[in-house]
There are 2 protein chains.
Amino acid sequence: MTSTGPDGQRRRRARRGQGGELRERIVDTAATLLAESGDEQAVSIRSVADAVGVTPPSLYLHFPDKSALLRAVVERLFSDLERDVARSQAGSGGPVERVLALARAYLAFGLGSPGRYKVLYEGRVLPALDLPDGGVPGRALIEAAAGDLQEAVQGGQHLPAGDARATTILLWQLLHGAVSLRINKPGFPWRDAWADVGPAVRTLVGVPGQG
Amino acid sequence: MTSTGPDGQRRRRARRGQGGELRERIVDTAATLLAESGDEQAVSIRSVADAVGVTPPSLYLHFPDKSALLRAVVERLFSDLERDVARSQAGSGGPVERVLALARAYLAFGLGSPGRYKVLYEGRVLPALDLPDGGVPGRALIEAAAGDLQEAVQGGQHLPAGDARATTILLWQLLHGAVSLRINKPGFPWRDAWADVGPAVRTLVGVPGQG
DNA sequence: ACCTGAACACCGTTCAAGT
DNA sequence: ACCTGAACACCGTTCAAGT
């Protein structure tokens, strides 16, 4: 998704993986394989090694095991999500508009690359990782939205479902449900995601109406 | 979950798997392994065969491949879900109460056995299976809820989020989001699921208030 | 008709060995 | 310091062979 082309050659000489460069290539390649395949376990140590042009044991010089590799990939993918959200929020009027932009970006991110979304929110790697109390990857997004809504409340905005935080969590559950079910039950006759949940989202943040 | 004890012996003589009896034992065992492990792929052909007391190739006499086995398991698990829901609805007053009971039962089913829920709603087996137009396993539940809400509407009930069907789908997305995030992000400081989404659910079905 | 033993091509991971 | 070849214990699946 970042720098490696179809052929991994067009890079600075690459004197056989020096100075963490190989590590970067591994994460790049794994992230790409993941987004393409859409399956956490189609990304095998061996397939990544193959695509990078190296033997499997080499990966173990940079990652203790496969979970560690996937965690590194996940961190990169969460950065992508945060970047997408920030972009979609650029030039938003007020805090409520920022939250609405976040909601749309979240849906677009998830539905745009189901494999990527599944690793981040339904993968087997993360539940093990986020035991350290509340240190859930991607939590920054939640806190940012809660902050925006809090600001809106202080500006006089009414939230029908409770305080800023409760509303954010409710939003998250609804948005995740919309993405996750569409990904996992593709045979169901879904309507457009935003047409479906948009009105409810708007109601939750206190600005009912269409758009 | 059904009949096989820790030792598979206490069954009718079992003259070496005759008349589809072995098939039943395989599905039983796989379902149990799944609920215990909570991981779709901890259930391996070999581990199931072992637990049943037979060699791996024997399973292929009853199922063309692993997906087919898991599909059979999934059908059984959906029956379990429908049974749980029906029980929780027993003696419900009106159609709205039936939907509220369904919502609570859905949350309890999902949070009560995360591994089971993940196979049904996030597994890799089903998306491939439910391509036949709308023939999603578990859809019966949705249609039943939509029917109940439709009945409520005809009885004069007002649904603030749209018609009976749209409301049902919205409910589903919210409930799934509540279950799925709690399962997949256990490190997050979640509140009790019903306390969290209950008020929104009640609002959606047109009976705001607590309970 | 039902079940097995042995094999195939995969997988993650380890480790002695090479430069 | 970095990378490899060979091996280990797994996996799903196939197939000839046994009763």
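Note that the structure is a prediction, hence the values are computed from the model and not measured. (Residues numbered from 1 in each chain as written. Chains lettered and ligands numbered in written order. Predicted model: local features only at pLDDT ≥ 70, side-chain atom pairs only at ≥ 80, totals over all residues. Heavy atoms only, no water.)

What follows deals with the overall build of chain A. A count of helical and extended segments in chain A gives 10 helices and zero strands. When the helices and strands of chain A are placed in sequence order, the string is α-α-α-α-α-α-α-α-α-α. For chain A, the accessible surface area stands at approximately 9900 Å², while carbon and sulfur atoms represent 52% of it. (Helix = DSSP H or I, 4+ residues; strand = E, 2+ residues; numbered from the N terminus. Areas by Shrake-Rupley, 256 points an atom, 1.4 Å probe, with all protein chains shown as cover.)

This part covers the UniProt feature "domain: HTH tetR-type" (unreviewed entry) in chain A. UniProt marks residues 20-81 of chain A with the feature "domain: HTH tetR-type" (unreviewed entry), using the numbering shown here. The span residues 20-81 of chain A carries 73% helix and 0% strand; its end-to-end C-alpha distance comes to 24 Å. (UniProt positions renumbered as here; feature names shortened; annotations may be inferred.)

Residues and elements named next belong to chain A. Split into domains, chain A comes out as domain 1 (11-64) and domain 2 (75-204). With nine residues of domain 1 at the contact, the number on the domain 2 side is eight residues. Summing both sides of the interface, domain 1 and domain 2 together bury roughly 710 Å²; the carbon and sulfur share of this comes to 53%. Its salt-bridge partner being E24, residue R76 comes within 3.0 Å of it at the nearest N-O pair. Class assignment of the residues belonging to the side of domain 1 that touches domain 2 gives a composition of four nonpolar, two polar and three charged. (Domains from an automatic or database assignment. Contact = heavy atoms within 4.5 Å. Buried area = accessible area lost by both parts, 1.4 Å probe. Salt bridge = Lys/Arg side-chain N within 4 Å of Asp/Glu carboxyl O. Nonpolar A, V, L, I, M, F, W, Y, C, P; charged D, E, K, R; others polar.)

Taking the UniProt record as the reference, the feature "DNA-binding region" (unreviewed entry) is found at residues 44-63 of chain A. Secondary structure content for residues 44-63 of chain A is 60% helix and 0% strand, and the end C-alpha separation is 14 Å.

So, about the interface of chain A and chain B. Each partner contributes to the interface: chain A provides 41 residues, whereas chain B provides 41 residues. Here chain A packs against chain B, burying approximately 3200 Å² in sum over the two surfaces, 63% of which is carbon and sulfur. Considering only the surface of chain A that becomes buried against chain B, Q173, K185 and F188 of chain A emerge as the three largest contributors, covering 21% of it. Summed over the shared surface of chain A and chain B, the result is zero salt bridges. Joining chain A to chain B, the criterion identifies 12 residue pairs in polar contact (both at pLDDT 80 or more). Ranked by residue count, the leading element in the side of chain A that touches chain B is helix α9 (residues 164-184) of chain A, at 14 residues. Of the residues contributing to the side of chain A that touches chain B, the split by class is 21 nonpolar, eight polar and 12 charged. (Polar contact = N/O pair within 3.5 Å; in protein donor to acceptor, adjacent residues only side chain to side chain.)

Let's shift gears to the relation of the copies chain A and chain B. When chain A is brought onto chain B, the operation consists of a screw motion whose angular component is 180 degrees and whose axial shift is 0.0 Å, with 0.0 Å RMSD remaining. With respect to symmetry, the two chain copies, as superposed, fit the operation of a two-fold axis. Residues of chain A ranked by C-alpha distance from the rotation axis are headed by G177 of chain A, positioned 1.9 Å from it. (Least-squares fit on C-alpha atoms with pLDDT ≥ 70 in both.)

All right, on to the packing of aromatic side chains then. Using the criterion set out here, one finds 14 aromatic pairs over all chains in the structure. Aromatic side chains W172 of chain A and F188 of chain B sit 5.2 Å apart centroid to centroid with 75 degrees between the ring planes, which places their arrangement in the edge-to-face category. Pair noted here: W172 of chain A is in helix α9 and F188 of chain B is in the loop between α9 (164-184) and α10 (193-204), and the two residues belong to different chains. Across this residue pair, the class does not change: W172 of chain A and F188 of chain B are buried. Geometry around F109 of chain A places R116 of chain A over its ring, the cationic atom sitting 3.8 Å from the centre. Above the face of the Y121 of chain A ring, K185 of chain B is positioned so that its terminal group lies 5.0 Å from the ring centre. (Phe/Tyr/Trp six-rings, centres within 6.5 Å; stacked < 30°, edge-to-face > 60°. Buried < 20%, exposed > 50% of the residue type's maximum accessible area, 1.4 Å probe, protein only. Lys NZ or Arg CZ within 6 Å of the ring centre and 35° of its normal.)

Moving on to empty space enclosed by the protein. Counting across every chain of the model gives two cavities of 30 Å³ or more. In this structure, the largest cavity spans a volume of roughly 130 Å³. Together, 14 residues line the largest cavity, and L102, I142, A145, W172 and L175 of chain B are the ones closest to its centre. Roughly 110 Å³ of internal volume is contained in the second largest cavity. Looking at the second largest cavity, it is lined by 13 residues, and the ones nearest its centre are L102, I142, A145, W172 and L175 of chain A. Breaking the lining of the second largest cavity down by element, the ones donating at least two residues are α5 (95-112), α8 (139-154) and α9 of chain A. (1 Å grid on protein atoms, 1.4 Å probe; cavity = no way out; pocket = protein on both sides within 12 Å on 5 of 7 lines; lining within 4 Å. Points joined across faces, edges and corners; volume = space filled by probe spheres on them.)

With that out of the way, let us pick up the pattern of salt bridges. Any two side chains of opposite charge can pair, given that their charged atoms come close. Residue and element names in this part refer to chain A. Enumeration over the complete set of coordinates arrives at 20 salt bridges over all chains. For E122, the salt bridge is made with K118, and the minimal N-O distance between the two is 3.1 Å. Note that E122 and K118 are positioned in helix α6 (residues 114-122) at a spacing of four residues, about one turn of the helix. Side by side, E122 and K118 carry an identical accessibility label, which is buried.

A few words now on helix α4 (residues 66-89) of chain A. Here α4 of chain A contains 24 residues, and its C-alpha end-to-end distance of 35 Å stays within 8% of the 34 Å for a straight helix at 1.5 Å per residue. G91 of chain A occupies a position one or two residues after α4 of chain A and carries a positive phi of about 80 degrees. (Expected span 1.5 Å × (residues − 1).)

What follows deals with the packing of helix α5 (residues 95-112) of chain B against α10 of chain B. All names here are of chain B. Between α5 and α10, whose axes approach to 11 Å, the crossing angle comes to 150 degrees. With respect to α10, the axis of α5 lies roughly antiparallel. In this structure, α5 crosses over α10, and the sense of that crossing is right-handed. Contacts from L100, A103, R104, L107 and L111 of α5 reach α10 at A193, W194, V197, V201 and R202. Residue classes in the contact of α5 with α10 are distributed as eight nonpolar, no polar and two charged. (Axes fitted to C-alpha atoms, helices over the stretch in contact; angles between N-to-C directions. Parallel < 35°, antiparallel > 145°, perpendicular 65-115°, else oblique. Left-handed = near helix turned anticlockwise from the far one by under 90°.)

Residues and elements named next belong to chain A. In the predicted model, chain A carries a mean pLDDT of 84, and 84% of its residues have values of at least 70. Summarising per-element confidence for chain A, the mean pLDDT is lowest in helix α7 (residues 125-129) (58) and highest in helix α10 (residues 193-204) (97). For the stretch residues 1-17, pLDDT sits under 50, and the model shows 19 contacts to residues farther than four places along the chain or on other chains. Low confidence marks residues 130-134, where pLDDT is under 50. Its contacts with residues over four positions away, or in another chain, come to 11 contacts. (pLDDT = per-residue confidence, 0-100.)

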